[in-house]
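Take a look at the letters that make up each chain.
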Amino acid sequence: MDYSINHLKVLESESIYVLREVASQFENPVLMFSGGKDSILMVHLAYKAFYPAKIPFPLLHIDTGHNFPETIKFRDDLVKKIGAKLIVGSVQEAIDKRLVTEEKGVNASRNGLQTAVLLESLEKGKYDAALGGARRDEEKARAKERFFSHRDEFGQWDPKNQRPELWNIFNGKHQMGEHFRVFPISNWTELDVWQYLAAEKVELPSLYYAHEREVFEREGTLLADCEYIEKKPGEKVFKETVRCRTIGDMTCTGVWKSDAKTTDQIIEEVATTRMTERGGRTDDKRSETSMEDRKKKGYF
């Protein structure tokens, strides 16, 4: 199927413009990389933006230690392929050093612990801009973000105090200790991402395609069975054909029943679904303002 639609070229051009603005305005940017499709798209766009030179900033992965094994393998293979520098901020190391306290119980997750590790990694590397793959259509808090999102000296975000971005003029000026989060694919939708990745023939982790996996159901969400999740009484493990629409910590990333084994089939599925891709993320369901609360404290 041909996905070389004109609006995808417009989105590509806009994102590349933002990436080049970051390279010109900031002294020490870093690209946040999770191994998910959006961060893979970001790497692909950065590769195109600066070709034939290498991507001019390192990749930063905040590793919970509870990732899907497929994600870590894909990350390492991609970094080797493009010759990028990879920096890993480890949640496990932060727990061992008692910088953060691990949650306990059946609903425990390390996802929230990423914030402290991210802020520590940004401060340690003296990064003045962190490029992320967040999109406005993902979640209501992310819809409030600008392309250039200012963070204060504590890494915090104030959604009521953001700079205007008229005519694609971006203001990256900041005081010592402050930094920016920059979101070049803000205006993309999930469908745009898949259509573009198909048109560009970008390789993705196998998790995105339908495969048989041992899962269990919790409050209407299917979770992949793994050693990191303590099951509740009565939760039964069974095999199901599933795929991931979003990839994160295994403890909070829901999987979806699906028979979509090709990119074209995924595009058809995304075009007809009524559920958002983060509808299966249990970390977003802890409260009505869960994502915004985390973002204010310095989350992605």
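Not measured: the values here are computed from a predicted model. (Residues numbered from 1 in each chain as written. Predicted model: local features only at pLDDT ≥ 70, side-chain atom pairs only at ≥ 80, totals over all residues. Heavy atoms only, no water.)

Novice: Where do I start with the overall build of the protein in this structure?
Specialist: Across its full length, the protein carries eight helices and 10 strands. Relative to the 2.2 N^0.38 estimate, which gives 19 Å for 300 residues, the radius of gyration of the protein is 19 Å and therefore close to what a compact globule would have. Here the protein, with 300 residues, has 54% of them falling under the buried criterion. For the protein, restricting intrachain contacts to residue pairs at least 6 apart in sequence, the fraction spanning at least 24 positions comes to 73%. (Helix = DSSP H or I, 4+ residues; strand = E, 2+ residues; numbered from the N terminus. Rg over C-alpha atoms; globule rule 2.2 N^0.38 Å. Buried < 20%, exposed > 50% of the residue type's maximum accessible area, 1.4 Å probe, protein only. Contact = heavy atoms within 4.5 Å.)

Novice: I'm lost on the pairing of strand β7 (residues 211-218) in this one. Help?
Specialist: In the case of a regular strand, side chains alternate between the two sheet surfaces. Of the pairings in the sheet, the one linking β7 to strand β9 (residues 238-243) comprises five bridges and is antiparallel in character. Looking at β9, one finds that Glu212 is bridged to Thr241. Strand direction decides the pairing type here: β7 and strand β8 (residues 221-224), joined by four bridges, are antiparallel. The residue bridging Glu217 from the neighbouring strand is Leu222, located in β8. (Pairing = 2+ DSSP bridges.)

Novice: Just checking my understanding: could you explain the sheet that holds strand β10 (residues 254-257) for this structure?
Specialist: Strand order in the closed barrel formed by four strands is β7-β8-β10-β9, and the pairing between neighbours is antiparallel. Strand-to-strand twist of the sheet, defined as the mean angle between neighbouring strand axes without regard to direction, takes the value 70°. As paired elements, β9 and β10 share two bridges and run antiparallel to each other. Bridge pairing links Arg243 to Trp256 in β10. (Axes fitted to C-alpha atoms, helices over the stretch in contact; angles between N-to-C directions.)

Novice: Explain the sheet that holds strand β6 (residues 179-182) to me, please; I cannot follow it from the model alone.
Specialist: Within the open sheet, the six strands sit side by side as β3-β2-β1-β4-β6-β5. Their pairing is mixed. Each of the sheet's edge strands pairs with one partner strand only, and the pair in question is β3 (86-90) and β5 (148-151). Neighbouring strand axes in the sheet, compared pairwise and without regard to direction, differ in orientation by 30° on average. Two elements, strand β1 (residues 29-32) and strand β4 (residues 129-131), share three bridges in a ladder whose sense is parallel. In the sheet register, Pro29 faces β4, and the bridge partner there is Ala129. Strands in contact with helix α2 (residues 37-50) are β1, β2 (59-63) and β4; relative to β1, the strand with the most contacts, it is inclined by about 140°. Sitting on the sheet, helix α5 (residues 114-125) touches β1, β2, β3, β4 and β6, and the angle it makes with β2 is about 150°.

Novice: Explanation requested: the packing of helix α1 (residues 6-25) against α2 in the structure shown.
Specialist: Contact pair α1 / α2: the axes reach a minimum separation of 9 Å and the direction vectors enclose 70°. Between α1 and α2, the crossing angle belongs to the class labelled roughly perpendicular. Here Glu12, Ser15, Ile16, Leu19, Arg20 and Ala23 of α1 come into contact with α2, specifically with Leu45, Ala46, Lys48, Ala49 and Phe50. For the contact of α1 with α2, the residue count by class is seven nonpolar, one polar and three charged. (Parallel < 35°, antiparallel > 145°, perpendicular 65-115°, else oblique. Nonpolar A, V, L, I, M, F, W, Y, C, P; charged D, E, K, R; others polar.)

Novice: What is the right way to look at the side chain of Arg213 in this model?
Specialist: Locating Arg213 in the fold gives a position in strand β7. For Arg213, a relative accessible area of 15% corresponds to the buried category. A polar contact is formed between the side chain of Arg213 and the side chain of Glu70, at a distance of 3.3 Å. If we ignore the near neighbours within four places in the chain, the residues touching Arg213 are Phe68, Glu70, Leu207, Ala224, Phe238, Lys239, Glu240, Val242 and Met250. (Polar contact = N/O pair within 3.5 Å; in protein donor to acceptor, adjacent residues only side chain to side chain.)

Novice: Would you mind showing me how to read the pattern of salt bridges here?
Specialist: Any two side chains of opposite charge can pair, given that their charged atoms come close. Overall, the coordinates contain 16 salt bridges when judged by the stated rule. The partner of Arg110 in a salt bridge is Glu102, and the shortest N-O contact between them spans 2.7 Å. Accessibility expressed as a relative area gives 6% for Arg110, which makes it buried. Ionic pairing is found between Glu190 and Arg245, a salt bridge with its closest N-O pair at 2.6 Å. (Salt bridge = Lys/Arg side-chain N within 4 Å of Asp/Glu carboxyl O.)

Novice: Can you walk me through the environment of Thr273 in this structure?
Specialist: The topology assignment puts Thr273 in the loop between α7 (263-272) and α8 (290-296). The exposure class of Thr273 is partly exposed, given its relative accessible area of 29%. Between the C-alpha atom of Thr273 and that of Pro52, which follows or precedes it by 221 residues, the distance is 39 Å.

Novice: Is there a simple way to explain helix α6 (residues 190-200) in this structure?
Specialist: Most of α6 is tucked away, with eight of its 11 residues classed as buried. For α6, every residue scored as buried is listed here: Glu190, Asp192, Val193, Trp194, Gln195, Tyr196, Leu197 and Ala198. Structurally, α6 contributes buried residues whose contacts are with α1, α2, β9 and α7. Directly after α6, the chain includes Lys201, whose backbone phi takes a positive value near 55°.

Novice: So what exactly am I meant to see when it comes to the packing of aromatic side chains here?
Specialist: The description of an aromatic ring pair rests on the distance of the ring centres and on the angle between the ring planes. Applying the stated criterion across every chain, the model contains 11 aromatic pairs. Taking 6.1 Å as the distance between ring centres and 45° as the angle between the ring planes, the aromatic pair formed by Tyr17 and Phe170 counts as tilted. Highlighted residues: Tyr17 in helix α1 and Phe170 in the loop between β5 and β6, separated in sequence by 153 residues. Take Tyr17: its relative accessible area is 35%, and that puts it in the partly exposed class. These aromatic residues form a ring-pair network of at least three members: Tyr17, Phe26, Phe147, Phe148, Phe170 and Phe180. Lying across the ring of Phe147, Arg136 places its NZ or CZ 5.1 Å from the centre. Of note, Arg245 hangs over the ring of Trp256, and the distance from its end group to the ring centre comes to 4.6 Å. (Phe/Tyr/Trp six-rings, centres within 6.5 Å; stacked < 30°, edge-to-face > 60°. Lys NZ or Arg CZ within 6 Å of the ring centre and 35° of its normal.)

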